[in-house]
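Survey of secondary and tertiary structure
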Amino acid sequence: MMSIGEFAELTGLSLKALRLYDEQGLLKPASVDPWSRHRRYSAAQLEPALRLKALRAAGVPLADAPPFLDDPRTAAATLAGHRARLAAERERQDAALDTLDRLLGGDGGHEWQVVERRAERRHWAGVVLRVPGGENPAAEDVESADERANEGFAALWRALAEEGNAPVGPFWSTLRAAPGSDSEVEVVCCWPVDRPPADGFSVPGWEVESGTVEATPELAVRWRFDDPVAVVDGATHPAVLALLVAAEERGLDVELTRLRQIGLLEQGESVGMEVALAVGGDVPDGHGRSATRPA
């Protein structure tokens with residue numbers, strides 16, 4: 001039998017770590033003197049102690065350690081899962097480092113062309129989608145919101161076409177605060193139409209709104225999905241930031257609800273996006289809006 005100091009020397013584990021593993025039931029001493037409370041370890045405990053040390057060096061949380069100390073078959077499966085998580089994290093970190101390098105001027109610098117133009121007066125119909133807001137929403141939440149938005153655009157297009165009022169241009173969306181929630185925002189997914197939807201127009205399962213974008217000056221910037229642009233995961237696209245900078249340089253007061261994200265279409269396929277900022281007049285979140293609840 002070995003004292004805790006001798007055992008620590010042989011395994012490279014600290015006395016503090018050995019006491020912690022004892023408290024958590026991961027590596028209990030072979031015996032404890034009832035009077036002095038001195039811990040004693042057996043030679044048979046050297047191998048599991050080394051496993052624990054290797055686990056900690058590999059970054060495996062103590063909560064995941066028990067399977068590595070019990071059945072070797074279970075340990076192999078748990079190790080494979082940990083390897084996969086580490087590989088995904090390394091990939092995420094490498095992507096973040098590449099983005100940082102480009103932001104610092106390593107390569108892929110992009111000059112955004114912000115144009116001034118006048119938007120035409122256009123009627124629109126839209127469906128409302130609530131999505132998670134705040135900083136760093138979970139990737140699965142973002143993916144789910146994108147899928148739901150695509151479903152909304154498709155359902156709205158079909159309903160408008162059935163009414164004989166099919167969309168007459170590219171789709172767009174706007175963001176606004178969700179009433180009664182600090183953790184969600186609302187996305188209004190819109191199609192432009194030649195005439196306002198008829199009274200009672202609805203899209204099953206969706207809250208519907210309609211209104212008119214008045215003719216107004218606006219700033220706009222666009223990008224294609226195949227552009228080599230450095231995008232920070234979870235942050236607003238740099239084209240939008242360039243648009244906001246351009247607006248500020250012109251002395252304009254920016255209202256984010258006046259931003260429209262417009263699809264760029266080629267032969268019916270979405271190949272990029274355009275962001276427009278109205279600098280006068282009404283926008284989809286403004287006046288003259290009507291709404292109906294899900295049918």
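Here is a short report on the structure shown in this document.

1. Things to note about the overall build of the chain
- Secondary structure assignment for the chain yields seven helices and twelve strands.
- Taking all 295 residues of the chain together, 36% fall into the buried category.
- Sequence separation of 24 or more characterises 69% of the internal contacts of the chain that already satisfy a separation of 6 or more.
- Of the roughly 17400 Å² of accessible surface on the chain, a fraction of 51% belongs to carbon and sulfur atoms.

2. A word on the packing of aromatic side chains
- Counted under the stated rule, the structure contains four aromatic pairs.
- Ring centres 4.9 Å apart and planes at 50° place the aromatic pair Phe-153 and Phe-171 in the tilted group. Separated by 18 residues along the polypeptide, Phe-153 in helix 6 (residues 139-162) and Phe-171 in the loop between helix 6 and strand 6 (172-177) bring together distant segments of the chain.
- Ring plane angle 80° and centroid distance 6.0 Å describe the contact between Phe-153 and Trp-191, whose orientation is recorded as edge-to-face. Here Phe-153 is found in helix 6, whereas its partner Trp-191 is found in strand 7 (residues 184-193), with 38 residues between them in sequence.
- Residue Phe-153 is classed as buried on the basis of its relative accessible area, which comes to 11%.

3. Quick look at the environment of Glu-111
- Relative to the helices and strands, Glu-111 resides in the loop between helix 5 (72-103) and strand 4 (115-119).
- Accessibility expressed as a relative area gives 68% for Glu-111, which makes it exposed.
- Along the primary structure Glu-111 and Ala-239 are separated by 128 residues, whereas in three dimensions their C-alpha atoms are 9.3 Å apart.

4. What about the pairing of strand 8 (residues 207-213)?
- Among the seven residues that make up strand 8, seven are buried, leaving the element largely enclosed by the rest of the structure.
- Here strand 8 shows a buried face lined by Glu-207, Glu-209, Gly-211 and Val-213 and a second buried face lined by Val-208, Ser-210 and Thr-212.
- Across seven bridges, strand 5 (residues 122-132) lies against strand 8 in antiparallel orientation. Note on strand 8: the bridge partner recorded for Val-128 is Glu-207.

5. Focus: the sheet that holds strand 1 (residues 2-3)
- Strand order in the open sheet made by the three strands is 1-3-2, with antiparallel pairing throughout. Edge positions in the sheet fall to strand 1 and strand 2 (31-32), since each has one partner strand and no second.
- The sheet contact formed by strand 1 and strand 3 (residues 39-41) spans two bridges and is antiparallel. Paired with Met-2 across the strands is Tyr-41, a residue of strand 3.

6. Some points on the nonpolar core
- In terms of nonpolar packing, the biggest core is built from 34 residues, with Leu-156 and Val-203 touching the most fellow members.
- Elements supplying a minimum of two residues to this core: strand 5, helix 6, strand 7, strand 9 (216-224), helix 7 (238-249) and strand 11 (269-278).
- Among the elements that make up this core, the one with the highest residue count is helix 6 (seven residues).
- Among the nonpolar cores identified, the runner-up in size contains 20 residues, and Ile-4, Tyr-41, Leu-55 and Leu-62 belong to it.

7. Overview of helix 3 (residues 46-57)
- For helix 3, spanning twelve residues, the distance from its first C-alpha to its last is 17 Å, which sits close to the expected 16 Å at 1.5 Å a residue.
- Ala-49, Leu-52 and Leu-55 are the residues of helix 3 that are buried. With its buried residues spanning 120° around the axis, helix 3 presents them on a single face.
- Buried-residue contacts for helix 3 involve helix 1 (4-11), helix 2 (15-23) and helix 4 (66-69).
- The first or second residue beyond helix 3 is Gly-59, which carries a positive phi of 80°.

8. Looking at the environment of Ser-144
- Tracing the backbone shows Ser-144 in helix 6.
- Residues Ser-144 and Val-131, spaced 13 residues apart in sequence, show a C-alpha to C-alpha distance of 8.9 Å.

9. Thoughts on the pairing of strand 7
- Summarising burial for strand 7: eight of the ten residues are buried, a large majority.
- Examined bridge by bridge, strand 5 and strand 7 share ten bridges and lie antiparallel to one another. Looking at the pairing, Val-131 lines up with Val-185 of strand 7.

Rules used in this analysis
- Residues numbered from 1 in each chain as written.
- Predicted model: local features only at pLDDT ≥ 70, side-chain atom pairs only at ≥ 80, totals over all residues.
- Heavy atoms only, no water.
- Helix = DSSP H or I, 4+ residues; strand = E, 2+ residues; numbered from the N terminus.
- Buried < 20%, exposed > 50% of the residue type's maximum accessible area, 1.4 Å probe, protein only.
- Contact = heavy atoms within 4.5 Å.
- Areas by Shrake-Rupley, 256 points an atom, 1.4 Å probe, with all protein chains shown as cover.
- Phe/Tyr/Trp six-rings, centres within 6.5 Å; stacked < 30°, edge-to-face > 60°.
- Pairing = 2+ DSSP bridges.
- Core = buried A, V, L, I, M, F, W, Y, C linked by side-chain atoms within 4.5 Å.
- Expected span 1.5 Å × (residues − 1).
- Arc of directions from axis to C-beta.

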